[in-house]
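Architecture and fold: a report
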Amino acid sequence: MANDRTAEEQRAEVLSNSQIRDYGLYENGLLKIDWVKGRMPLLRQLEAEFAQSQPFAGKRVVICLHLEAKTAYLAKVVQAGGAQVTVVASNPLSTQDDVVAGLVHDGITAYAWHGATQEEYTAHIRAALDAHPQMIIDDGGDLVTTLHHERPQQVAEVVGGCEETTTGILRLRAMAAQDALRFPMIAVNDAFMKYLFDNRYGTGQSVWDGIMRTTNLVVAGTTVVVVGYGWCGKGVAMRARGLGARVIVCEVDPIKAVEAHMDGHQVMPMSEAAAHGDFFVTVTGNCDCITGAHFDVMKSGAVMANAGHFDVEISKPDLQERAVSVRRVRTNVDEYTLSDGRKLYLLAEGRLVNLAAGDGHPAEVMDMTFALQALALQYVSSGNLTPGVHDLPRELDDRVARMRLAALGVSTDELSESQDAYLRGWGHA
Ligand code: ADE
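A short tour of the structure in this document, coming up. (Residues numbered from 1 in each chain as written. Predicted model: local features only at pLDDT ≥ 70, side-chain atom pairs only at ≥ 80, totals over all residues. Heavy atoms only, no water.)

Applying the stated criterion across every chain, the model contains 26 salt bridges. One salt bridge in this structure joins K32 and D98, with 3.0 Å as the shortest N-O distance. Residue K32 is located in helix α2 (residues 26-37), and its partner D98 is located in helix α5 (residues 97-105); the two are separated by 66 residues in the primary sequence. Residue K32 is classed as partly exposed on the basis of its relative accessible area of 29%. The shortest N-O distance in the salt bridge between D398 and R394 comes to 3.1 Å. Of the two residues, D398 and R394 are both situated in helix α17 (residues 394-408); the distance of 4 residues between them amounts to about one turn of the helix. (Salt bridge = Lys/Arg side-chain N within 4 Å of Asp/Glu carboxyl O. Helix = DSSP H or I, 4+ residues; strand = E, 2+ residues; numbered from the N terminus. Buried < 20%, exposed > 50% of the residue type's maximum accessible area, 1.4 Å probe, protein only.)

Given below as structure tokens:
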């Protein structure tokens with residue numbers, strides 16, 4: 001009884017410290033977390049391990065990720081390892097308010113609500129930094145860059161952290177190149193078990209899930225323009241083809257352009273592709289990929305979605321400038337009517353369509369990604385790394401692969417001693 005009261009008191013304190021939409025939604029949030037947990041055996045294994053070994057005992061950890069159910073389970077795994085966890089959104093539209101309420105119910109302080117304005121989004125990041133993190137998990141770099149810009153006096157408190165995404169790692173590398181990054185960050189995105197599966201199969205599935213559930217339109221027989229042929233773009237193009245679309249790829253990198261061609265896609269610049277597309281998906285990590293001149297020649301009815309980290313790939317200012325009217329015609333679908341009567345459709349305000357208009361990558365995929373994150377956090381917690389961007393050690397990548405194979409019940413061959421010796425030798429014919 002006394003313990004129950006203490007738990008209630010702790011919950012009330014966490015709730016009063018948090019900034020969330022509606023605590024009353026927590027039961028649905030807990031159901032969502034439970035559903036994904038059932039499909040995340042790697043994280044379940046790490047949760048049990050961490051509960052015993054307490055690798056984060058007493059440490060303050062701030063997690064700045066897309067706050068949906070899989071992320072929530074990662075936060076609980078880190079909490080099981082002994083950390084005091086605070087979560088904050090890495091995108092104003094990807095937060096699921098019920099999931100965040102569920103986390104608060106389970107003792108995790110949260111600063112996030114769906115549809116935060118830019119000011120609210122930044123205020124949430126600042127509030128999370130008030131927790132004085134000693135370790136960080138970031139997605140896109142907003143937490144780490146804000147910390148360096150606005151709280152230089154707090155930087156020395158941070159042992160290190162991990163970064164989830166391509167965009168975040170680009171920003172970290174830019175900081176490191178200017179000697180501005182003051183603690184070690186693990187480039188989780190660059191692990192094989194991340195980008196080969198999360199970026200390709202995760203994005204491939206979740207982007208089309210987001211587009212299809214939002215528009216309820218057919219993809220078969222249409223022309224899909226994929227802008228960017230990195231690992232995410234490859235996944236989006238592959239699944240578009242699987243849905244029966246003709247795929248056009250736009251690229252700036254000559255090697256990736258050849259790859260897209262050899263994969264059987266048409267390759268052309270956006271200036272040509274613009275007039276052909278029924279669907280456009282940007283996946284570049286860069287700004288201004290689809291701009292005014294492209295809108296000028298698009299077919300009426302064209303649907304545009306972005307799957308890159310920031311909402312800068314499709315130029316909203318150019319679209320707005322050309323529109324005589326804008327209206328929301330379905331949840332997450334904005335219709336821009338141009339002066340010649342053509343109608344162009346932008347999904348999820350040009351923010352990550354798979355998270356702002358969907359639930360993100362499938363649980364089984366995020367299980368691998370978040371197992372890497374959990375192990376990367378444990379690795380960085382040693383405090384032995386120098387400031388800068390570090391790769392995840394190959395042993396941890398291999399460990400996650402073996403965990404996944406074991407969870408699937410799949411066994412593999414092992415090198416025999418003689419095969420191993422053969423590979424190491426050079427004297428044979
Ligand atoms: N769920 C949580 N984080 C995600 C991410 N970065 N991409 C897709 N789904 C996610």
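Unlike most non-glycine residues, N332 shows phi in positive territory, near 70°. Its location among the elements puts N332 in the loop between β12 (323-330) and β13 (333-338). Of note, A348 is a non-glycine position whose phi angle comes to about 50°, a positive value. Locating A348 in the fold gives a position in the loop between β14 (343-347) and α15 (353-356). Taking relative accessible area as the criterion, A348 reaches 0% and is therefore assigned buried.

All right, on to the packing of aromatic side chains then. Scanning the entire structure with this criterion turns up 6 aromatic pairs. Centroid distance F50 to F56: 5.3 Å. Interplanar angle 80°. Geometry classified as edge-to-face. In this structure, F50 and F56 share a single accessibility class: buried. Taking the centre distance of 6.0 Å and the plane angle of 45° together, the rings of F192 and Y195 count as tilted. Within this pair, F192 and its partner Y195 are both found in helix α9 (residues 192-215), separated by 3 residues, close to a single helical turn. By relative accessible area, Y195 is classed as buried at 17%. Among the aromatic residues, those joined into a ring-pair cluster are F192, Y195 and W231. Looking at R39, its charged tip hangs above the ring of W35, at a distance of 5.4 Å from the centre. Note that K234 overlies the ring of W231, its terminal NZ or CZ placed 4.8 Å from the centroid. (Phe/Tyr/Trp six-rings, centres within 6.5 Å; stacked < 30°, edge-to-face > 60°. Lys NZ or Arg CZ within 6 Å of the ring centre and 35° of its normal.)

Keep in mind that these numbers describe shape and distance, not what the molecule does.
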